[in-house]
Amino acid sequence: MEATARAHTNIALIKYWGKRDEKLFLPMNSSLSITLDRFYTTTKVAFDSALKADVFFLNGKPAIDAETTKISRFMDKIRAFAGEKRYAYIESQNEVPIAAGLASSASGMAALAAAAVKALGIEVDGRTLSILARQGSGSACRSIYGGFVEWQKGEKADGSDSHAVPLLSEDDWDLSILSCLVESKQKKVSSREGMKRTVSTSPFYKAWLETVETDLAAAKSAIAARDFTMLGRVLEANALKMHATTISANPPFLYWQSATLDVMQEVALLRERGIEAYFTIDAGPNVKVLCERKDEETVYHALSAIPSVREVLVCHPGPGIQYGPF
Ligand SMILES: O=C(O)C[C@@](O)(CF)CCOP(=O)(O)OP(=O)(O)O
């Protein structure tokens, strides 16, 4: 009774920012992401009646207690879903450089949900798997699918209609996503803590909710039309609005470092030169820059030349859940 699954990281273009239900990971707003090809988590799960607790190995080493507790709490949700009593041996390998500023929790929870259900021999559709992954980490529900993905916030209190749906396959629009790694000096406010604080204290949070669904509709139209200018403008504005809620929270917090602004300004200069590039930023100082594949080389060199940028990692749209052996 064992199975292996692989899930790729995703970058939000229209942000999930705020929960209406902390326990069920139900979002205040719908969101939209692009799954990346280069970074992923591969997870093996083996249920064993001899185990007295879940055993978790991460990147070849026994995981720290906090990680094991988090994983085991999620496995309890999987066991409840499956009517399963046994504990499991879990082995995860992250092809996501920790300092890459790309959340490995999304790919990690998605891969775990897929491998656990498979190991139990339960056939589930994408919707069910997305609902399970969401209860590990909200953004994980989007990593079930490849390419462009929408997480529909849903209306029901039980979350049975809050899941991801595929919008456009990873093969249908050749974009580049360049992740600019900058030094992070300060302790980060986690996305979970960050969104909680903004929901409860930012005077701008109401305005966020009033405009995010319009942004989502514009992004979906742009994707359907392969209109990169329209998509770029809305994703950049949406990211800035999300960060406006953190700056206006109480106590206020800012995810950006000076290097973050260096990248934002370089992207503006690129556009002045007629090179279309747009940035997005999550709960950290790193900046992800999107451009069309034809401009990748130019944008890569411009971003790499910024002294405060440590490294630029080039990604393209990637696949949804895959099952081993690999
Ligand atoms: O990814 C996005 O839509 C936007 C963010 O990355 C912006 F920082 C938030 C991701 O939050 P996540 O880590 O999924 O939170 P959890 O549900 O509390 O685990």
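Residues numbered from 1 in each chain as written. Predicted model: local features only at pLDDT ≥ 70, side-chain atom pairs only at ≥ 80, totals over all residues. Heavy atoms only, no water.

Caption draft 1: Spotlight on the site of the ligand. Around the ligand, the structure places 16 residues, and the nearest of them are Tyr16, Lys19, Ser137, Ser139 and Arg192. Between the ligand and Arg142, the relevant distance is 2.8 Å, taken from an oxygen atom to a side-chain nitrogen or oxygen of the residue. Residue Ser191 places a side-chain N or O atom 3.0 Å away from an oxygen atom belonging to the ligand. The fraction of the free accessible surface of the ligand (470 Å²) that becomes covered by protein chains is 93%. The element contributing the most residues to the shell around the ligand is helix α4 (residues 191–201), with three residues. When residues are assigned to domains, the shell around the ligand turns out to be shared by domain 1 (2–170) and domain 2 (175–315), each giving three or more. (Near = heavy atom within 4 Å. Polar contact = N/O pair within 3.5 Å; in protein donor to acceptor, adjacent residues only side chain to side chain. Areas by Shrake-Rupley, 256 points an atom, 1.4 Å probe, with all protein chains shown as cover. Helix = DSSP H or I, 4+ residues; strand = E, 2+ residues; numbered from the N terminus. Domains from an automatic or database assignment.)

Caption draft 2: Structural context of the sheet that holds strand β10 (residues 175–182). As summarised here, the arrangement of the four strands in space is β11-β12-β10-β13, forming an open sheet in which the pairing is antiparallel. Across the chains shown, the open sheet's two edge strands, defined by having one partner strand only, are β11 (277–281) and β13 (309–315). Neighbouring strand axes in the sheet, compared pairwise and without regard to direction, differ in orientation by 25 degrees on average. Here β10 pairs with β13 via six bridges, running antiparallel. By the bridge assignment, Ser179 is partnered in β13 with Leu313. Running over the sheet, helix α6 (residues 228–247) touches β10, β11 and β12 (287–292) and is turned about 30 degrees from β11. (Pairing = 2+ DSSP bridges. Axes fitted to C-alpha atoms, helices over the stretch in contact; angles between N-to-C directions. Contact = heavy atoms within 4.5 Å.)

Caption draft 3: Seen up close, the domain arrangement of the chain. As far as domains go, the chain holds domain 1 (2–170) and domain 2 (175–315). Taking the mean C-alpha position of each, domain 1 and domain 2 sit 24 Å from one another. Listed by partner, the interface residues are 33 residues for domain 1 and 41 residues for domain 2. At the boundary of domain 1 with domain 2, total buried surface from both sides reaches about 3000 Å², with 71% on carbon and sulfur atoms. There are two salt bridges connecting domain 1 and domain 2. Lys15 is paired through a salt bridge with Asp282; the nearest N and O atoms lie 2.6 Å apart. Counting every contact that joins domain 1 to domain 2 gives ten residue pairs in polar contact (both at pLDDT 80 or more). With seven residues, the single largest contributor to the side of domain 1 that touches domain 2 is strand β4 (residues 31–48). Among the residues forming the side of domain 1 that touches domain 2, the class breakdown is 19 nonpolar, seven polar and seven charged. (Buried area = accessible area lost by both parts, 1.4 Å probe. Salt bridge = Lys/Arg side-chain N within 4 Å of Asp/Glu carboxyl O. Nonpolar A, V, L, I, M, F, W, Y, C, P; charged D, E, K, R; others polar.)

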